[in-house]
Structures are given as C-alpha cells and as structure tokens.
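Here is how the chains run, residue by residue.
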Amino acid sequence: MSITVAMALFPSEAIIYRNILKEFESISGTRVNLVTETYGDILHLLFAQSRAGRGPFDLVEIDIAVLGQAREGVQTLPQSMLATVRAVFPEPAWKVGIVGNQLYFVPHRIMWQAMIYNRLRVPRPPTNWDELAQFARAHPNKLALKGGLYEGIVCDAMPFVWEAGGDELEPTSTDTLTALDFLAGLGPLLNVRSAVFREMSVLEAQARGEVWIHFNWPFAMRYLYEKGLAPAVELSAPVPIGPKGRATILGGGYLGIPRFAPHPHAAELFLRFLLTREVQQRLARELGWLNVLPEQSDTEARMLYDGFIAMRPYIRARATVPNYTGLSNRWQRALEALLFRNVPAAIAVQPVADWVGALRYEKSRPVS
Amino acid sequence: MRRAGRFLRLSCLGLPLGFLAITLILPLLSGVILSFQADGFSLENYRFVLGDSLFRRSVYNTLILAAASLVVEFVWGLIFALLLSSRRRASFVTEVSVLMPLLIPEIVFLSVARYILLPRGYLNGALAAVGLPAVGWLDPRSALCLLSVALVDAWRVTPMVTLLLLDGLQGIPAELYEAALLDGAGSFAQSRYVTLPLLKPALYGALVLRGVDALRIFSTVLVLAGPEGAPVMSTYAYQLWGDAMEEHRAMAASVLLATMIGTLGAVVIAFRARTRASGGGALEGLSG
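Computed from a predicted model, the values in this text were never measured in an experiment.

Next up on the list: the overall build of chain A. The secondary structure content of chain A amounts to 17 helices and eleven strands. Scaling as 2.2 N^0.38, a compact globule of 368 residues should have a C-alpha radius of gyration of about 21 Å, and chain A matches this with 21 Å. Each of the three principal axes of chain A carries a C-alpha extent, and together these read 60 × 50 × 30 Å. Across the 368 residues of chain A, 49% fall into the buried class.

Opposite the 16 residues of chain B that make contact, chain A presents twelve residues. Looking at the side of chain B that touches chain A, the element that brings in the most residues is helix 11 (residues 226–229) of chain B, giving four residues. Of the residues contributing to the side of chain B that touches chain A, the split by class is six nonpolar, four polar and six charged.

Accessible area lost on assembly of the parts is the figure often given for the size of an interface. Residues and elements named next belong to chain A. Looking at the assigned domains, one finds that chain A contains domain 1 (2–111 + 250–294) and domain 2 (112–248 + 316–357). Once you take the C-alpha centre of each, domain 1 and domain 2 turn out to be 29 Å apart. In this complex, domain 1 contributes twelve residues to the contact, which on the side of domain 2 involves 16 residues. Of all elements in the fold, only helix 3 (67–70) and strand 10 (248–256) reach the threshold of two or more residues within the side of domain 1 that touches domain 2. Here the side of domain 1 that touches domain 2 gets three residues from one element, more than from any other, and that element is helix 3. Of the residues assigned to the side of domain 1 that touches domain 2, the class counts are eight nonpolar, four polar and no charged.

To continue, consider the pairing of strand 9 (residues 234–237) of chain A. Residues and elements named next belong to chain A. With burial as the criterion, each face of strand 9 is covered, one bearing E234 and S236 and the other bearing L235 and A237. One ladder, built from four bridges, connects strand 7 (residues 114–118) with strand 9; its direction is antiparallel. Bridge pairing in strand 9 links I116 to S236.

One broad rule of soluble globular proteins: the nonpolar side chains tend to lie buried together. Within the largest apolar cluster, 169 residues are counted, with the highest numbers of intra-cluster contacts made by L59 and I62 of chain A together with V149, L224 and A253 of chain B. When residues are assigned to domains, this core turns out to be shared by domain 1 (2–111 + 250–294) and domain 2 (112–248 + 316–357) of chain A, each giving three or more. Once residues within four sequence positions are removed from consideration, L224 of chain B is found in contact with L110, A113, R114, L117, L138, S148, V149 and V152 of chain B.

Right, let's get into the packing of helix 3 (residues 53–85) of chain B against helix 7 (residues 143–170) of chain B. How two helices pack is summed up by the angle between their axes together with the distance between the axes. Residue and element names in this part refer to chain B. Where helix 3 meets helix 7, the closest approach of the two axes is 6 Å, and the angle between their N-to-C directions is 40°. Judged by the angle between their axes, helix 3 and helix 7 are oblique. Along this stretch, helix 3 crosses helix 7, giving a crossing that reads as right-handed. The class makeup of the residues in the contact of helix 3 with helix 7 is 20 nonpolar, seven polar and two charged.

Turning our attention to the sheet that holds strand 7 of chain A. Strands belonging to one sheet form pairs held by backbone hydrogen bonds; the direction of such a pair is parallel or antiparallel. Residues and elements named next belong to chain A. Read across the open sheet, the three strands follow the order 8-7-9; overall the sheet is antiparallel. What marks the edges here is a single partner per strand, and that holds for strand 8 (213–216) and strand 9. Across this sheet, the average inter-strand angle for adjacent strands is 30°, counted without regard to direction. Helix-sheet contacts for helix 9 (residues 199–208) involve strand 7, strand 8 and strand 9, and the interaxial angle to strand 8 is about 145°.

A cis geometry characterises the amide bond from A230 of chain A onward to P231 of chain A, with omega recorded as 10°. Structurally, P231 of chain A is set in the loop between helix 10 (219–226) and strand 9. Even without being a glycine, N342 of chain A presents a positive backbone phi close to 55°. For N342 of chain A, the position within the fold is in the loop between helix 15 (324–340) and helix 16 (345–348). Despite not being glycine, R141 of chain B has its phi angle at roughly 65°, a positive value. Within the secondary structure layout, R141 of chain B lies in the loop between helix 6 (122–129) and helix 7. Taking the C-beta count within 10 Å as the criterion, R141 of chain B has 18 such neighbours and is therefore assigned partly exposed.

A separate point is the packing of helix 15 of chain A against helix 17 (residues 350–357) of chain A. Residue and element names in this part refer to chain A. Taken N-terminus to C-terminus, the directions of helix 15 and helix 17 make an angle of 165°; their axes are 8 Å apart at the nearest point. Relative to helix 17, the element helix 15 lies roughly antiparallel. As for how helix 15 packs across helix 17, the hand of that crossing is left-handed. In this structure, helix 15 uses G326, L327, R330, W331, R333 and A334 to contact helix 17, whose residues at the interface are P351, V352 and W355.

The next subject is the pairing of strand 1 (residues 2–7) of chain A. Residues and elements named next belong to chain A. Counted residue by residue, strand 1 has five buried out of six residues, so it is predominantly covered. Bridge analysis of strand 1 against strand 2 (residues 31–36) gives six bridges, and the strand direction is parallel. What sits directly across from A6, in strand 2, is V35. Between strand 1 and its parallel partner strand 2, the chain crosses via helix 1 (residues 11–28), and the hand of that crossover is right-handed. Bridging between strand 1 and strand 3 (residues 59–63) involves two bridges; their strand directions are parallel. Within strand 3, the residue paired with V5 across the bridge is L59.

Residue and element names in this part refer to chain A. Among the residues making up helix 10, those that are buried are A220, M221, Y223 and L224. Down the axis of helix 10, the buried side of the element spans an arc of 160°, and every buried residue falls inside it. Those residues of helix 10 that are buried are in contact with strand 7, helix 9, strand 8, strand 9 and helix 13 (299–304). Once helix 10 finishes, G228 follows within two positions and takes phi at roughly 80°, a positive value.

Residue and element names in this part refer to chain A. Position of A220 among the secondary structure elements: in helix 10. A220 sits 40 residues away from F260 along the chain, and the two C-alpha atoms are 37 Å apart. Sequence-distant contacts of A220, that is, excluding residues within four places in its chain, are made with I116 and L203.

With that settled, consider helix 8 (residues 174–186) of chain A. Residues and elements named next belong to chain A. Its 13 residues place the ends of helix 8 19 Å apart at the C-alpha level, agreeing with the 18 Å of an ideal helix rising 1.5 Å per residue. The set of residues buried in helix 8 consists of T176, L177, T178, A179, L180, F182 and L183. Next to the buried residues of helix 8 lie helix 6 (129–138), helix 7 (151–163), helix 15 and helix 16.

Further remarks concern the environment of L24 of chain B. Residues and elements named next belong to chain B. Along the chain, L24 turns up in helix 1 (residues 2–35). When the 10 C-beta atoms within 10 Å are taken as the criterion, L24 is described as exposed. The spacing of L24 and L10 is 14 residues in sequence and 20 Å in space, taken between C-alpha atoms.

Quick notes on the rules
- Residues numbered from 1 in each chain as written.
- Chains lettered and ligands numbered in written order.
- Predicted model: local features only at pLDDT ≥ 70, side-chain atom pairs only at ≥ 80, totals over all residues.
- Helix = DSSP H or I, 4+ residues; strand = E, 2+ residues; numbered from the N terminus.
- Rg over C-alpha atoms; globule rule 2.2 N^0.38 Å.
- Buried ≥ 20, exposed ≤ 12 C-beta atoms within 10 Å, placed from the backbone.
- Contact = placed C-beta atoms within 7 Å.
- Nonpolar A, V, L, I, M, F, W, Y, C, P; charged D, E, K, R; others polar.
- Domains from an automatic or database assignment.
- Pairing = 2+ DSSP bridges.
- Core = buried A, V, L, I, M, F, W, Y, C linked by C-beta atoms within 7 Å.
- Axes fitted to C-alpha atoms, helices over the stretch in contact; angles between N-to-C directions.
- Parallel < 35°, antiparallel > 145°, perpendicular 65-115°, else oblique.
- Left-handed = near helix turned anticlockwise from the far one by under 90°.
- Right-handed = clockwise from strand over helix to strand, strands pointing away.
- Arc of directions from axis to C-beta.
- Expected span 1.5 Å × (residues − 1).

Below is the structure:
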C-alpha cells in the first residue's frame, strides 16, 4: 500500500524529510509518496479533492493562517490522538486544530517570531517598547518591519497589539489603538524599504548590515548561520515586552486527513508516527524545527535560537475565523496606511472594524 | 483526391484553432466569468478594484513606466542600431555589449540589476568610493524608484529594439546614400531625408510590439521594487491573487489590463487603416 502526502517543504528540507519517511516505510510497510507544493497550492488541491468527491491525497499540510477555511475539506481525527498532541505541543498550538470539541488538524511544525539583532551594532537589544522606540530614534532606518502587503505585516504588528492587551477582532478598542499608535510612532523611523520587505528580503538586508533589528521566524537563524553570520554577528532575542505582557505570533503548518482520502487509516498511522518524541527530536535536530526544544547538549542550537526559546511560553494563535484571509487583507491595508501613509490609527482600522462587525465567526474560537 | 485535399486544409486550420480554443480562448472566457463572480454574478469585483487607491496608482505607474521605458529604449536602440550598421564596423566587444542583455536569462539579469541598485549595492558602493552619499534608487513609491525600473526595463529590452531597427537599417539600399552624397547631402541631411523616412516601418513595428509589451511590465517591477514599491497593473493583479488570495478581484484587475491593451491595439489598427485609406501616412509601412 502507499499513501500520498502533500507538504510545503523546501527542496533542501524534502531531502532530509524523505529519510524520516524511510523509517516509517520500513516499520509499517506502507510507501509514502511525498508531494512538495506551496501552501496555497495544497489548499487548492484539498478543495479540489473535496469538491470532486475523490482524489489521491491522504494527508495534507495546511498553513495555520487558513485552517478555518481548510476545515471543510478535512475529516475529524480520533480523539485518542489528542493526548499525544497535548504531550508534544504547547497549548495554543494544539488548540488551533480543535473546533467544537472535534480535532481536525495536528501541528506538523510550529514556529513563532523573535527579534533578530546585530550583536555588534546593538550589544544590548531592546527589552521593552520604550527601549525599542529609543533604538529607532537613535538609529533611524535600522529597524525594519516586514511591511509588504501580505500576511507578514500582520505577523509583525499583531504581537504588539496583543502585548497592549488588544485583539485583532477588536480593532477600535483602546488597547489595540494604544499598540497601533506606538507602531505609528515607529513608522517614519523604520528602514525605508520596510514597505516592501518580506521574510527573505528583510533577512538579506539584515545580513548586509542595512538593517540591525527586525522580527522573523526561526529559519532566519539557520540562513544567517549558513552565511557564517550567526552567532558571530546575528543573534535572536525575545520580542520587547509591552504594557500588558509579552506575545509572539504562532505560525507553521498543520496536518489533516482530507475528505475522500483513499487510505485514511494508513494516514492516521503516519500521523501517530510523526508525533512520537523520537521523530520530533529528529525534526528539531535535522531540520531546526522548534516543535520540541533543542536538547541541552546542543549548545549551538540553543545559542542561535535563544530568543525563540524564550518566547515559547508567549505564543499566541491568530483568530480562527472562517475567512481569515478577509480579516488579514483588511489588517494589511490598515497597517500599510498607518505605518507608511501616516493615516491616524482610528481611521486606518475602520475598514477592519466594519468587516469584524459583519462577521459571523465561529463560537469556538480558541482563546490563548 | 479533391476531398482529401479539403480534409487536409480543414485539419491544418482546425488543429491550431482547436489548440488556441483550449489553451487561450476557454481560459480567457473562464477568467472573464470569474471576474464577475462575488456572491453571485455582479460588478462587485470591478467596483472594488476601480475604487481602490492602490489600483489607481498602479494604472498611473503602468502608463508612466511604459512611456519612459519606450522613450529610453528607442533612443538607445536607434543609437546602437546606427552604430552597429555603420560602415566602420563596430567591434565585436561593442556588439556583444549591446546584445548581451538579450542573451542572459531574465531573472539573472534582473537580480544583477537589483544587486547594483540596492541601498548597499554596487552603484552606491561606487558612489561611496568617490566620497558621494548613497542614493535610494529603489526607495518604495519614490519617483527615483520608477525611473530606476524604467531604465532597467529599457536596458533589458533595448537589444530587441536594436535588432528590429538594425533589420530596417540594413534594408535601406546603399545607392540612396550615394545619390544623396552626390546631391551634396551631409550626414545630418542623409539621416533626415534617407534614413528616418525609410526606417519608419521598422520604427512603427517596433513601437507597436514594445508598446503592448511595456503595458504588461511585470517581472522587472517584481524583482526590483516588489509589488508595493512601484505597483503596476500586473503586479497589482498578482498581489491580489497570490498574497490576498482574492482570485476573483485579481481576475477583474487582469481583465481591465487586457482591455487597456486591447483598446490600445484597436486604436493603432484603426489609425493604420485610416492612414492607409487616405493614401499612406504615418503607419503605412507597418505591414512591411
């Protein structure tokens, strides 16, 4: 028997991942066909299979941001799997996969953002909002946000909203506006190319020394390490703490068994294999995924991911709404107006408020 | 025998038409239908796109970039074509230098251009070496960013314009220059009364080809400035489709771009037909 699995792996990741699959194949006797695609294409594949009533995929990896949309295309998973998931992942991470007491998705790889800083230029990285603002004022153009019109701008801004006690579904609350006003103050001091930066372009700018501080995902440290820049020049640190605490955004890919999967039981078996402690530690060691923390003996990894490890207790998931894309798109436009066009916060978020007002979101939204 | 010939002719016509229908016409129709879908069949997607300030900026940038790029590439293209066709034959190095951008894969060419123009790129490095301050060649939404994109785009396609014009230049009989010389025409008069009038067909042909292409500008903007740095109509549609996952609105934006290009093409064809009917004129040589 063979199962077909669609995952959003980079080519370099897929090579390592295939070795892990071989172990499962030898244990179970089931062959795994690994199809690597982008998250967007996998979502389209899932919907195609769901609408056609048949299809080849037994397991799919879905971007955490669109789990609400993807839910209609997957089957529920057995409750017995929940105990395993809870033992491996932090609460906000496994809760995202549950809707209405039913488990739909299990985390495949979880990640969250931390602050990446140039330790030579910034010997003492900012630890709170005041220090971050001081840094931005003292070094204009050296702090960057991923401000392109895509999900990245939401990932950078939302932790500030949460740290002020705000919420993406309460865009006009006092706490949310406090955070947005703080971000608006940073706007003119940001690196001028923040308006176009995305994960890779801001990372390249950091590597070139054009930017000294930005927020990014764990893969950034691996990139800088491979360039010989980390830990010698670049390190990670926690996101600066806000007036009501600390927060970072949860990202990553989740696995679900599509409706009409040809071999759902074999797919479930594969899921259980992936969730074992041994495989999770292997994923951490060989791919740098932070599902489980690096082992104590791995001092280099712990040094590189220091900021990320420190942020693990503060991860928070985005709102699980049926049309998260719609919410995100409005936030992106609002943040772009706020940061780069000097539009006052209350005016910039009005379209978000209108959208949220009209939203009938699921009652079981996980609260972290 | 005659029936077999007729069958062959129909097959020759039918196969490409069928191929076109499957690969072009059906997706196009499907796209147009998609653009009208938003909670039913409506104009909502068009209303959103036309009311979006980013779209309006994209239209403006598209027109500015197309115009700027065309002016630069035609001036450079004509100069290079004249240089390459001159009797004192251009050196091999000159020919290679002029035509090189055509030989390099687009993504490589644009990535190199990006590394040249980045804030810590080679160009600012050169400026720093002579004590000059860095320039924000690609600063988002700046006029300089638009100019940089236009110049790089012109640099990328100038070899194509050069080749088109060179072909036109080489079609001008040498006897005409000799006759002009005998009549006492200098270099300027030769260019004015021999070269330019006879180059018109090639110039207009190249202008129509590149004009349509310039409105579709995409990769140059995407690689150099990103969809937000110098938004144009094609990157606007791409951003809606890829990042915002709003396929129907992206399709509406694409239909508007296609309509703009189609309208321009129709105007050119109509103008050409009119000038032909009135006994020649500006576009008389387009078909030649």
